[in-house]
Amino acid sequence: MSWKPSPMLRYTAMRAGLFVASFVVIWALVYVRILPAGLGSSNLLWVLLLALVISGVLSYVLLRNARESASVQISERVDRTRRAFDAKAGDEDAADDAVRTAQS
């Protein structure tokens, strides 16, 4: 039996990998002076913000299937939790009705 990561874990790992790759590429471009460096000590902040924006756009385009499968997993979990909550609420209502009937 092989272990298969959950879709949400896979999507999160792919998103983090895309951010790291964007950061490395942008850092290299700033290092070789193709992109402008930040002012003074703001260089790291500049690279982080630019990598965040670029990786966000790339993940929206490139990770659509992974995001949709993660969404399905979350929806199923929410539905399962909602059904369990409704079942417990029904049990509680039945117990409350039984106590009220016994008191009458």
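The structure under discussion appears in the preceding block.
Note that the structure is a prediction, hence the values are computed from the model and not measured.

Cut-off values and rules
- Position labels on residues start from 1 in each chain and follow its written sequence.
- pLDDT decides what is reported in this predicted model: residues at 70 or higher carry local features, side-chain atom pairs at 80 or more are listed and counted, and totals for whole chains, interfaces and linings draw on all residues regardless.
- Side-chain figures throughout are based on the complete set of non-hydrogen atoms in the structure, without hydrogens or water.
- In this text, helices come from DSSP runs of H or I with a minimum length of four residues, and strands from runs of E with a minimum of two, each type numbered from the N-terminal end.
- The atom set for the radius of gyration is the C-alpha atoms, and the globule formula is 2.2 Å times the number of residues raised to the power 0.38.
- Buried residues are those whose accessible area, probed at 1.4 Å on protein chains only, stays under 20% of the maximum for their type, while exposed residues exceed 50% and partly exposed ones sit between those limits.
- All accessibility values rest on the Shrake-Rupley procedure with a 1.4 Å probe; residue burial counts only the protein chains present in the view.
- Residues scored as charged are limited to Lys and Arg (positive) and Asp and Glu (negative), so that His and the chain ends carry no count.
- The location of each charge is read from NZ of Lys, CZ of Arg, CG of Asp or CD of Glu.
- We call two residues contacting when some pair of their heavy atoms lies within 4.5 Å.
- A pairing counts as a salt bridge when a side-chain nitrogen of Lys or Arg comes within 4 Å of a carboxyl oxygen of Asp or Glu.
- In this analysis, rings of Phe, Tyr and Trp, with Trp reduced to its six-membered ring, are considered paired at centre separations within 6.5 Å, and the interplanar angle assigns stacked below 30 degrees, edge-to-face beyond 60, and tilted for intermediate values.
- Patch construction takes residues with relative accessible area above 30% that form no salt bridge. Like charges are linked within 9 Å, and nonpolar side chains (Val, Leu, Ile, Met, Phe, Trp, Tyr) are linked within 5 Å.
- As used in this record, nonpolar core signifies buried Ala, Val, Leu, Ile, Met, Phe, Trp, Tyr and Cys residues forming a set joined through side-chain atoms within 4.5 Å.

### Re the overall build of the protein
1) Next: When helices and strands are tallied, the protein shows three helices and zero strands.
2) Next: Helices (α) and strands (β) of the protein occur, in sequence order from the N terminus, as α-α-α.
3) Next: A globule of 104 residues ought to have a C-alpha radius of gyration of about 13 Å, yet the protein, at 25 Å, is considerably larger.
4) Next: Based on the C-alpha atoms only, the size of the protein along its principal axes is roughly 85 × 40 × 25 Å.
5) Next: For the protein, buried positions account for 13% of its 104 residues.
6) Next: Of the roughly 8,300 Å² of accessible surface on the protein, 66% is carried by carbon and sulfur atoms.
7) Next: Distance between charge centroids for the protein: 19 Å, based on 12 positive and 9 negative side chains.

### Remarks on the environment of A66
1) Next: Within the secondary structure, A66 is located in helix 3 (residues 64-103).
2) Next: Distance in space between the C-alpha atoms of A66 and M14 is 8.7 Å, their sequence separation being 52 residues.
3) Next: Excluding its chain neighbours within four sequence positions, the residues that come into contact with A66 are R10, Y11 and M14.

### Overview of the pattern of salt bridges
1) Next: This structure, assessed with the given rule, holds one salt bridge.
2) Next: Residue R82 is joined to D79 by a salt bridge in which the shortest nitrogen-to-oxygen separation is 3.7 Å. In this pair, R82 and D79 are both assigned in helix 3, three residues apart and thus about one turn of the helix distant.
3) Next: D79 gets classed as partly exposed once you look at its relative accessible area, which sits at 36%.

### Topic: the packing of aromatic side chains
1) Next: In this structure the tally under the stated criterion is two aromatic pairs.
2) Next: Plain terms: the ring middles of F23 and W27 are 5.9 Å apart, the flat faces sit at 25° to each other, and that makes the pair stacked. You can see F23 and its partner W27 sitting in helix 1 (residues 7-31), four residues apart, about one turn around the helix.
3) Next: According to the relative accessible area criterion, F23 is partly exposed, its value standing at 21%.

### Examining a nonpolar patch on the surface
1) Next: The grouping of V53, I54, V57, L58, Y60, V61 and L62 at the surface amounts to a nonpolar patch, some 660 Å² of accessible area in total.
2) Next: Inspection of the secondary structure assignment puts V53 in helix 2 (residues 43-62).
3) Next: For V53, a relative accessible area of 53% translates into the label exposed.

### What about the nonpolar core?
1) Next: Counting five residues, the largest nonpolar core consists of Y11, L18, L63, A66 and A70.
2) Next: Listing elements by their share of this core, those giving two or more residues are helix 1 and helix 3.
3) Next: Discounting chain neighbours no more than four positions away, the residues touching L18 are S55, L58, S59 and L63.

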